Structure formats: structure tokens, C-alpha cells
Amino acid sequence: MGQDIKQQRIITKILGKPVRYVRSLFRPLVRERRTLPGILSWIGLVMLLGFIFIGIFAPVLVPIQQTNALAYPILLPPNAQHWMGTDGIGRDVFARVIWGARTSLTIMAIGALLALIVGFPIGLFSGYVGGWVDRALVLVMDSVYAFPGLLLAALIAAVIGKGIFNIGIAITVIYIPLYFRVTRSQTLSTREELYVEAARALGARSWTIMLRYIAFNVVIVIPVIFSLSAADTILTAAGLSYLGLGLEIDVPGDWGRDLSDAQKYLGSGIWWTSLFPGLMIILLTIGLSFLGEGLSDIINPLLRKERS
Amino acid sequence: METFLKIDDLSVGYWTRRGKVGALVGIRLEMSEGETLGIVGETGCGKSTLGKAILGILPPLTEIQGHIFFRGRDLPRLGLEEYRRLRAKEIALIFQDPMTRLNPLMRIENHFVEEILAHESVSKAEARSRAREALLSMGIHESRIRNYPHEFSGGMRQRIMIALALVLKPSLLIADEPTTSLDVIVESQILEILQDLKRVYHMSLQLITHNMGIVAEICDRVAVLYAGKLVELGSAHDVFHKPLHPYTQGLLASIIHLDTKELHSIEGSPPDLISPPSGCRFHPRCPYAQQICVEKEPPLVEFQKGHLAACHFGDTFL
Amino acid sequence: MIELTQSGDTESSEILRVENLQVHFPVKIPLLQRIVQREKAVVHAVDGVSFVLQTGEIMGLVGESGCGKTTVGRAVVRLIEPTGGKVIFEDRNIAKAKGGTIRALRREMQIIFQDPHASLNPAMRIGDAIGHPLWIHRSGSQSRASFRREARENVLSMMREVGLTPEEQLYDKYPGDLSGGQKQRAVIARAIILEPKLLVVDEGVAMLDMSIRAKILELMLDLKRKHAMTYLFITHDLATAKFICDRIAIMYLGRIVEIGPSKEIYADPKHPYTKALLSVIPVPDPDKRKEKILPRGEVPDAVNLPLGCRFHPRCPAVLSSCGWEGRDFLDLLDEHLSDPKRAGADETILGPIEDWWAKGLVAGRKTGPTDAAKITERIRAILAEGPAAMVQAVGTVGLQGKNVIIEFRGPDTLAQTQVGERIVECLLYQN
């Protein structure tokens, strides 16, 4: 028994703060599992996890060779060997679609996560400190935010070149302002709460207040924003690929690219090359949106309840 | 001659994640025209729910069982449009925080005009002049009628809310904690206004509050609620001087007033309304609780003329 | 300033001395307006407050909302920086202290706020919240592990003391799981875990149900005895203040109008405002509905203060020398014109209220010489509707240049007078 507690303590020490943040985020999900928003969130979460599973185990599910050009006869309709048919250069659509999940999720991870890691602390700091620092940051962020996302991403991609990592960076830049804004506005309102003043009355230093008192309470809304912006990320990435600005041609899976390539065959009644990649984009986006919207409905009443 | 207001076996419940909350259970209450009835209890006893139930403004999906007879009409059974016409015209409600009633983006004048025109087909000019009259009766100069709510002080906003409630001359005014957020002097002014209005308009007033002091000031009769049940009902004199229910006794004893010599409180805390205690809901906190209190729920018994209490041992306190 | 000390008591000493405390907040007005306006508009939240707190006593600061009592409390614990005056805590003036000094002070003076539901960080467990002050003020010498153990023990023992039991279970709960009374106990525990000498209680029980107020008050009294603390008890509830406070100070619009031993003040209130406050406290007995002295109108805003005694426009016992000024006449005129029964033809004779101006002791309006006589006559008639003291304070009424004016005689200077064991600031008691 003592051993377990010791192990638990060590894990808590190492993982410490991140675990506590994550735990405080998951509590509401578990509590609300029977309500409609809760169900929605869980569906979304399951879908997301499904995609993540596919993404991670892509090499196991589908050997990469199946995505090589001219591996198979071209433009075969769906049949027993090729569940989703083959495309214009002889690749198995199913294989493309599975590997595409990996690509999209990687971009999403880089893009949305990086944006969160950068945007959240800046927003927190800006909101707490106020003054001209805050005003300057808001000016910068609002300018970036005002730019049409896809256009800006395309610009950046054109400048720094193609590749998964670069696309990730381009997307990060677009989404940082979103995290900044949301975090900042939450910080502004939390800053005025009585318990923050009480913390000052106890003699707590600014950093302590910012991290323990404000950050923990502000981070509640992040999962919502993350899910919704991640959904957006997928669409933006697909859009970039569709425009030909995204990734190199030889990437094993690229939904947007596939959609773009499939366009020319639509007239001839070849539907499988566009339907399946498109469907994947939709499903992942829906899953993320469900998660985001569901969480949003759960979190909002919580925020309101805290005031009562 | 039908009773002005008769609440018959009213139960109100709503569902939450953990189960059904019985906010009100089996309330039986009567009110005659022109009287001031005080409804008292602590937080969560259901008194606000009662006021909202009468007005029919409970959130959707709330279960209402029983009857609320207002001048013979059973309110929960009214159609939506009929109920809407009743509100403000015959039964009006004022809240603790005037800002929940007043739209910060609307001038005061328009609050009145909108309300009047929703119920009566008069010209806008006529509505405006009635608005001016109503404000004047509250001591607010008509030059301020074009102001926005935030340009008034708390006490004035409360007066505006009262004026709004009364502009259609309802016969029943329900006041839910009308003075809780106000200072004592303004509170007295508002109470004075309420009493004047009662006299002038022969209005009936239902005062919902946890402040026993103001109940003693202006109420004719008092109803005490605990955990959704009515535990005592009687004239103000009877309830204050000879409380028959231990909860009422505890409440009265814990009031801190100018002549308080000792501090008293009631042990424990209000029960969970999803799974309330068996038998008498107050038994876990009652200093006189016996076995029967745990097993059997006490009925509401008239121990004295006009004085009822729900306690197995009510007569011992006579 | 007249000193107020407990006579013949050599044991107790002063723990807090506030001298002429002033806290003014700037009024937020748009830039253009600020350039145009000559004077700087400020909210005189606290305008010259002085009192002494003896070690071990409970002093009540009583008044309605807006009187400045909360601001005094916050200024005393230096959550706000005073704009003037001295706050002497144990022989040190902390009014202008900064950063590090203030943080060190937090070990010795603490404050409890009004709303228990909002005072606790919803993301922090109760045990952590109560122990947080220990963490903030810890000395660097101790190892983390031993500190954690000690802190936990400290917190658990504190929780037992304030009645937050079973403490082991409640330690890990979040504020959302606690009742109002429990939250307030947690707040109290957090405030006194460092054993401060002075505790400012800002409406500590106002938001709790009556049936648990007594328990929390008893707890506070208990803790005070055990830990030898001094309380500054801020409240608007005179009944509670009477029960718990040794001395009280009644505040109105940023100043103390009456201060002294609470028994004496309650038995025999001197200042008209104190009398009014006491008369409106509801008595929980329907058979004893008493006569109330309700002051006229409402508390004026703290930006443009009334002249002379701040209470004069509302005072039921007002004298002619209390500070009548132009604005008071305009208020009277406004009232008169708003009442259709009294206004009559005055709307046309005197014109709308917007045409009138008031500056200091004078009020008036522009007019041609022809109407002057009529206006003068109406002014006198309207004055008769007001308090007699107001009429007596009038100096001149008549035409002056292009205006018809009414000018009041200036007020007598208000000073603090000792009446019995207390101090009152009112002309009624000056010589």
C-alpha cells in the first residue's frame, strides 16, 4: 500500500502541474456524461480518439507501399481489394485516406497546440498586466486576426515553403491571436474577482496570483477553443493543400490534395476519389466540433454556477 | 364569494443530474383581498419558487402539480396567452435586484410604454403620460423619464421597478426580497411606499423575504416555509409571539436586534431537497425531535383559530 | 483632534491610529471634458477619518453603503493607498508604505470580505487555500517536504478550531462543495492562520442566513479571545454591531459623525443621523411598530459634497447655520415644479429648472428686469415650503445684474465636540 502511494506521489511530482491542469479539465466531462452536451462531447471525443488511433497506427493498418504511385491499376471503383477504389495515379484510396489522417493530425497537433502554447501565456500576461504592454499586444494580435486566415496561411506557406512542419507553423501564426484573445478576456474578468483581491490581501506575489488564481480558472475555456480551432485547422490545411500550397506531392496522405486532384475526374462520374477524402475531412471536423460545442455548453453553466 | 388566492396542494419539482428536486411539496395557503402575507424561510426553502409559480414564470420543464386558484381561475392550467395577459395586469412581481427587470439599453419611459401597450390598446401619448404619472407618484421628476436605468441610484431603481409593477394597477403584488440589497433607510422608505400603495389601491401584497424584521413591520399574516414545505401559518402576532413550530422558534430566536442579549442559531443546515429527511423534514435539526418525528410526517393542524403548524407537538407550545 | 482613549486602562495600548485618513478616487471622465473642466472631480470616498483602536477591542464602523466604511477597511490593510492622512499601525505609519513592507504587514493584519462564495479560489482545494498564507510567508530555510508536513498539520488544526470538521475529508474538497457557512469558516481560517494581530471584518456575516450568523459571530468572538486579536468590524447592520462591538463609529459620506462606546451611543444617540439609523431598524415584534425618523431624500453622490455639514440637506433637526447653499434651493425648486398640485403657474413664471444655476451659496437665473419682482416673490413663497431653517439661512433675494438670485448666509464651521464619552460632529452640540 505504501509503495502505491509513493509511486503516485512520484508521478504527481514529475507530471505535477500539467496533470492538475488536465484533471481540472476532465472533471466536468465525467460529471456531465448523461446530459446532451455531455453525450455530444463524448461522441466527439471518441471520434477524435478514433482518428488519433488511425493516425498513429497507420503504418500497421496499411503498409505505406499502397500509397505509392502506380501501385495499382488506376481509377478502379470500390471493390473487394480496394474498399475505396484507386485514384488517378494508381494509389489505393483507402490507404491514402488512412495516411491522410496521420498528416492532418500532425498538422493539427503542431498548429493548434503550438498556437495554444504561445497564445495562452501571452494572453494571460497581457490581460493581467494591462497598461500599454497590453494595448500594444492587442494591436498586434488584432491585426493578425483581422487577416483572412487562409490567405495569410497561404502567404506564409509561400514564403517559408512547403512541408508538414512549415504548414504547421503557418497555421500556428493564424491561430495564436485566437488563443490570445480568449485567454485575455477571461483573464480580464477573472482578475476582478473577489478571490483574486483576497489573494492580494494575503500577500501573494503577482506571479502566484497569475498562475494559481487566474490561470487555473481561465484554462477552463481552453478545451472549447482548442476543439473548435482544431476543426478549423483541418479545414485550413486541407484548403492549403487544395490550392497546391500545402505539402509535397509525395506525402503518403493528404486529403486536401486528393480532393484537388479528384476534381478533374468528377465530370466522368468517378466519385470515389473525391467522396472519401472529403468525408474524412467532414468527419474529423464534425468530431472536433461536437467536442468543442459540447464542452462549451458544459463549461458555461459551470462558469455561471461559480458566481452563485 | 371566491377566495382571492387559494393555493391547493401545490408541488413544484424540477429534474437535475442527481435526481428530482422537490422545491415545493403540498403547499396549502389562502390569501384574502387586501392583506399582506409574509412568506419567510431561509435560502433554498422554496419561497422564491412559490412567487414564480403563482406568476407562471418557472423555467420550462418544471413540474407543477396542484392548483393555484386566483379569483377562481386555476393558474397552472391557463393557456399561454391568457396567462400572459394576467401578468402585470392582475398579478405583478418585483425582484431583489431591479437591474434584472430593467433593460440597461432602454430608457425608463420606454419600459413603461412597452408594458402598457402590451396589455392595453391605448395611444403612445396616453401611455407616456401614464408613465409620467407613475414616476411622479414615486417621487421621480418627469425630467428624468428619458434617463437610462444606470443613471439612477439603487433605491430609485427599486422605486422605478415598483412603479412599473403597479402602472397597470394589479390586484396582487408579489415582492421577492425587495429590500435585501438596500440600506436600512432606503428600505424603510420603500416599505412606506408599499404600505401607502396598499392603502390607496387596495392591493394585496405577498412579501417574500428572510428578513423577519420587515415582516413584523408590515405583514398581517405570515407563512413559514422549510425545505419546500409549509410549516407554520398564522397572523403576524400569533407567529411572532407564540410560534408553534420549532423551526419558527429557531428563526425568531436567531434574529439579532437591538435588544438581543444572547446569540442563538439553529444547528445543522438545510436538507438536500432531492432526498430530504424522512418524516418531518426538520427533525435532524430539531431540539425536540422524537421517534415519531422521524417516522411520520406531521400534518398541518390548526392549533389555534387561524394559526396552523406542521408539528406533532404543536399543542405543547401553545 | 480630541483623543479618545479608554480611561485608566494601563494594560491596553493602541494598535492602530488613523489620523485624517483621506481616500479620493478620480472620476473617470472623457479627455475632452477633463480639459474643459477646471477642477478635478474626485470621489471623496473617505474624507478625513480619525480614530484609535485599542488592542483587544472590537470597534465597529457602521454606515450605509457609500459612506466609505469599506474603503477605510481596505485602506487600513493597505489594499488601497490612501491619498492623505496617516495610518499608524503599532507606531509605524504605513500610509505610504510600498511592496515589501506591505507584504510583511500581511502577517500582522488581515481582512475578511463580505461574500464567502466569491472569496475562495474555485480552483484551489480548501486545505490548500487555508494553508496558502503559510506558503506565501514561509521562510526559505526549511525543506519543502518538512514544510508541507507542518503546513498540513497547521491547516488541519485550524480547520478543527473553526469548526470545519471532519477536517480530513473537507481538506480535499473544493469551495463549490461547501455551504455558505462552511465557506465563511474557511475564509476565517485562512485569514487567521498566521495569527495576525488585527483583523478587519468587512460585513462578515451579511450574506449568511440569519440562523447561522450567530454561529459565525460566536466563532469570531471565540477566536479573538484565543488568539488575542483586535477587530475592526465593518457593517451596515446596527443590531449586530451593538451586540458585538465595544465601540462604534457612525460614518456618513466619508466622515465619522459620531464615535464612542457602543453602549452609550445606542442608549442615547446624539447625532441626528445616528438617531435616524437607529429608529429605522425593524423590530421583530408586530405589536411594537415604532415611529420612524426618516431623513429626506437619498445619500448624495460623493463627488459634489454638500456644503458645511454633509447631512444638512436631509437632516430632520437641521439649523440655519448647517450649510444651506444654492443647490439646496434648486432641489427644493425641483421638487416644487415636479408636483403638479403645487407648481401651478410657476412653470411659466420661473421657467424650467434647466434655466437655473447654482454656485456655492448662490442660486439664480438670468432674467429681464421686468419679471424680477414676480420671480422674487415666487422664490420667497417656495422657500416657505421648505424647512424653516432654510428660510432663516437666506441672506438676500433679488435682482443682481442680469440675474435674479437667492443667496444664503455662510455656515458655521463644523468641529468635533465631546459629549459624554463620545465625540459628535454636529452643530447642535457645539457650545
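Owing to the predicted nature of the structure, the values given are computational and were not obtained by experimental measurement. Here the residue numbering is sequential within each chain, running from 1 through the sequence in written order. Chains carry letters from A onward and ligands carry numbers from 1 onward, assigned in written order. Owing to the predicted nature of the model, reporting of local features is limited to residues with pLDDT of at least 70; listing and counting of side-chain atom pairs is limited to 80 or more, with chain, interface and lining totals taken over all residues.

Colleague: Explanation requested: the overall build of chain A in the structure shown.
Modeller: Secondary structure elements are taken from DSSP: a helix is a run of H or I of four residues or more, a strand is a run of E of two residues or more, and numbering for both begins at the N terminus. Helix and strand counts for chain A come out as 12 helices and 0 strands. Each residue is classified by how many other C-beta atoms fall within 10 Å of its C-beta atom, where C-beta atoms are placed from the backbone; a count of 20 or more means buried, 12 or fewer means exposed, and values in between mean partly exposed. Taking all 308 residues of chain A together, 43% fall into the buried category. Nonlocal contacts in chain A, meaning residues at least 24 apart in sequence, comprise 70% of its contacts between residues at least 6 apart. Contacts here follow a simple rule: the backbone-placed C-beta atoms of the two residues must lie within 7 Å.

Colleague: What exactly am I supposed to notice about the overall build of chain C here?
Modeller: When helices and strands are tallied, chain C shows 17 helices and 16 strands. Here chain C holds 431 residues, and 46% of them are scored as buried. Long-range contacts, defined as pairs at least 24 residues apart, comprise 67% of the intrachain contacts of chain C with a sequence gap of at least 6.

Colleague: For this particular structure, what's the right way to read the sheet that holds strand β1 (residues 14-26) of chain C?
Modeller: Two orientations exist for strands paired in a sheet by backbone hydrogen bonds: parallel and antiparallel. All names here are of chain C. Between any two strands, at least two bridges found by DSSP are needed for them to pair. In space, the 4 strands of this open sheet follow the order β2-β1-β4-β5, with antiparallel pairing throughout. Edge positions in the sheet fall to β2 (42-54) and β5 (92-93), since each has one partner strand and no second. Inspection of the sheet shows β1 paired to β2 by 10 bridges, in the antiparallel sense. Looking at the pairing, Val18 lines up with Phe51 of β2. This element, helix α2 (residues 69-76), spans β1, β2 and β4 (84-89) of the sheet and lies at about 115° to β1. Fitted lines through C-alpha atoms give the axes, limited to the stretch in contact for helices. The angle between two N-to-C directions lies from 0 to 180 degrees.

Colleague: Please clarify how the confidence of the model for chain A should be interpreted in this entry.
Modeller: As a general rule, the predicted coordinates of low-pLDDT regions are not to be interpreted in detail. Residue-level confidence of the predictor is summarised by pLDDT, bounded by 0 at the bottom and 100 at the top. Residues at a pLDDT of 70 or more form 86% of chain A, whose mean pLDDT is 81. Ranking the elements of chain A by mean pLDDT puts helix α1 (residues 2-31) of chain A last, at 60, and helix α5 (residues 131-146) of chain A first, at 92.

Colleague: What exactly am I supposed to notice about the packing of helix α4 (residues 93-129) of chain A against helix α7 (residues 164-191) of chain A here?
Modeller: Think of two packed helices as two axes; the pair is described by the angle between the axes and how far apart they sit. Residue and element names in this part refer to chain A. Their axes nearest at 5 Å, the elements α4 and α7 cross at an angle of 35°. α4 and α7 meet at a crossing whose hand is right-handed. Grouping the constituent residues of the contact of α4 with α7 by class yields 21 nonpolar, 11 polar and 3 charged. Each crossing gets its hand from how the near helix is turned against the far one by less than a right angle, where anticlockwise is left-handed and clockwise is right-handed. For this classification, Asp, Glu, Lys and Arg are treated as charged, while Ala, Val, Leu, Ile, Met, Phe, Trp, Tyr, Cys and Pro are nonpolar and the rest, including Gly, are polar.

Colleague: For this particular structure, what's the right way to read the interface of chain C and chain B?
Modeller: Accessible area lost when the parts come together is the quantity often used to give the size of an interface. Listed by partner, the interface residues are 37 residues for chain C and 37 residues for chain B. Counting residues per element, the side of chain C that touches chain B draws most heavily on helix α9 (residues 210-227) of chain C, at 8 residues. For the side of chain C that touches chain B, the per-class residue count stands at 18 nonpolar, 7 polar and 12 charged.

Colleague: What am I meant to see in the confidence of the model for chain C here?
Modeller: Residues and elements named next belong to chain C. Of the residues in chain C, 94% have a pLDDT of 70 or more, and the chain-wide mean is 86. The low-confidence segment residues 1-11, where pLDDT is below 50, has 11 contacts with residues more than four positions distant or belonging to other chains. Note on the complex model: pTM 0.82, ipTM 0.83.

Colleague: What exactly am I supposed to notice about the interface of chain C and chain A here?
Modeller: With 20 residues of chain C at the interface, the matching set in chain A holds 17 residues. Considering only residue class, the side of chain C that touches chain A consists of 11 nonpolar, 6 polar and 3 charged.

Colleague: Could you clarify how one ought to interpret the domain arrangement of chain C in this entry?
Modeller: An automatic or database domain assignment provides the domain bounds reported here. Each assigned domain of chain C is listed here: domain 1 (1-108 + 196-309), domain 2 (126-188) and domain 3 (326-408). Averaged C-alpha coordinates put domain 1 of chain C and domain 3 of chain C at centres separated by 38 Å.

Colleague: Help me understand the sheet that holds strand β8 (residues 230-235) of chain C in this model?
Modeller: All names here are of chain C. Within the open sheet, the 8 strands sit side by side as β6-β7-β8-β3-β9-β10-β16-β15. Their pairing is mixed. Of all strands in the sheet, those with a lone pairing partner are β6 (109-112) and β15 (417-419), marking the two edges. Pairwise comparison of adjacent strand axes, ignoring direction, gives a mean angle of 20° for this sheet. Judged from the 3 bridges that link them, β15 and strand β16 (residues 422-424) form a sheet pairing that is antiparallel. When the sheet's bridge partners are listed, Gln418 is paired in β16 with Ile423. Where α2 meets the sheet, its contacts fall on β3 (58-62), β6, β7 (198-202), β8 and β9 (247-252), and the angle it forms with β8 comes to roughly 150°.

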